[in-house]
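The primary structure of each chain is shown beneath.
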Amino acid sequence: MLKVQELQVNYGGIRAVKNISFEVPDGSIVTLVGANGAGKSTTLKLLAGLQKPYRGEVRVTGKTALLPQEVQTLFAKKTVREDLAEVTSDEAMLAYVTALCRLDALLDRHPYDLSGGEQQRAALAKVLLTRPDILLLDEPTRGLDAAFKAELAELLHDLLAQGVTVVLVSHDVEFCAAYAQRCALFFDGSIASDGA
């Protein structure tokens, strides 16, 4: 589904990502963990095609969609309903994703009036409406309470059952340990460890 070979990214003479290589199997959840500045979010942008590597190659089979850390950047309309309808006019899909992300009570509210966790759910719904084969998530549990973290895990496993592959960056090590099949530990722009 996704293969990365010898990726390298430079920022003004500083090597931010240092020759990383890894594969993501179909229908799995793979997490990228590590300290701030270790290269995790940059790697997600490379996987999404939003950034080009200085060197190396990203091979992707299927469509990717990225949920960024700053989810507010995804909102462009006056209500959650309008934001979701901007992505698709498929009423059945809208109803399914709205229910999946527990947004029924939030549809007529302005996205900026939502709590952090509610914004996260609304942004995730918007990304899911693009029907990705590979879902890239940057800090998806940030601002979520324990109850919705469990629901997010259930949602991710539902997506896996539908054939969606998930790659997520997180500082939430407990969430990653509980729900991912593989974990890559980033350190100083490199993968220090990669395993089950």
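Provided above is the structure to which this section pertains.
As a starting point, this report considers the structure included with it. (Residues numbered from 1 in each chain as written. Predicted model: local features only at pLDDT ≥ 70, side-chain atom pairs only at ≥ 80, totals over all residues. Heavy atoms only, no water.)

**Side note on the side chain of K40**
When you line up the elements, K40 lands in helix α1 (residues 40-48). Although K40 is buried, it forms no salt bridge, and the closest oppositely charged side chain is E139 at an N-O distance of 5.5 Å. In this structure K40 touches L32, V33, G34, A35, V169, H171 and F186, once residues within four positions along its chain are discounted. (Helix = DSSP H or I, 4+ residues; strand = E, 2+ residues; numbered from the N terminus. Buried < 20%, exposed > 50% of the residue type's maximum accessible area, 1.4 Å probe, protein only. Lys, Arg positive; Asp, Glu negative; His and termini not counted. Salt bridge = Lys/Arg side-chain N within 4 Å of Asp/Glu carboxyl O. Contact = heavy atoms within 4.5 Å.)

**Quick word on helix α5 (residues 146-161)**
Its 16 residues give α5 an end-to-end C-alpha distance of 23 Å, which sits within 8% of 22 Å, the value for a rise of 1.5 Å per residue. Three or more residues of α5 are buried, namely F148, L152, A153, L155, L156, L159 and L160. For α5, the angular spread of the buried residues around the axis is 160°, confining them to a single face. Of the residues in α5, the exposed ones pointing more than 90 degrees away from the buried face are A146, E154 and A161. Each element contacted by the buried residues of α5 is listed here: β3 (29-34), α3 (91-100), α4 (116-128), β6 (134-138), β7 (165-169) and α6 (173-179). Just downstream of α5, G163 is the residue with a positive phi angle, here 95°. (Expected span 1.5 Å × (residues − 1). Arc of directions from axis to C-beta.)

**Quick word on α3**
Taken as a whole, α3 has its buried residues at M93, L94, V97, T98 and L100. Buried residues of α3, viewed axially, fall in a sector of 165°; they line one side. In α3, the exposed residues that point more than 90 degrees away from the buried face are E91 and A92. The inward-facing, buried residues of α3 abut α2 (80-85), α4 and α5. Residue R102 follows α3 closely and has a positive phi angle near 55°.

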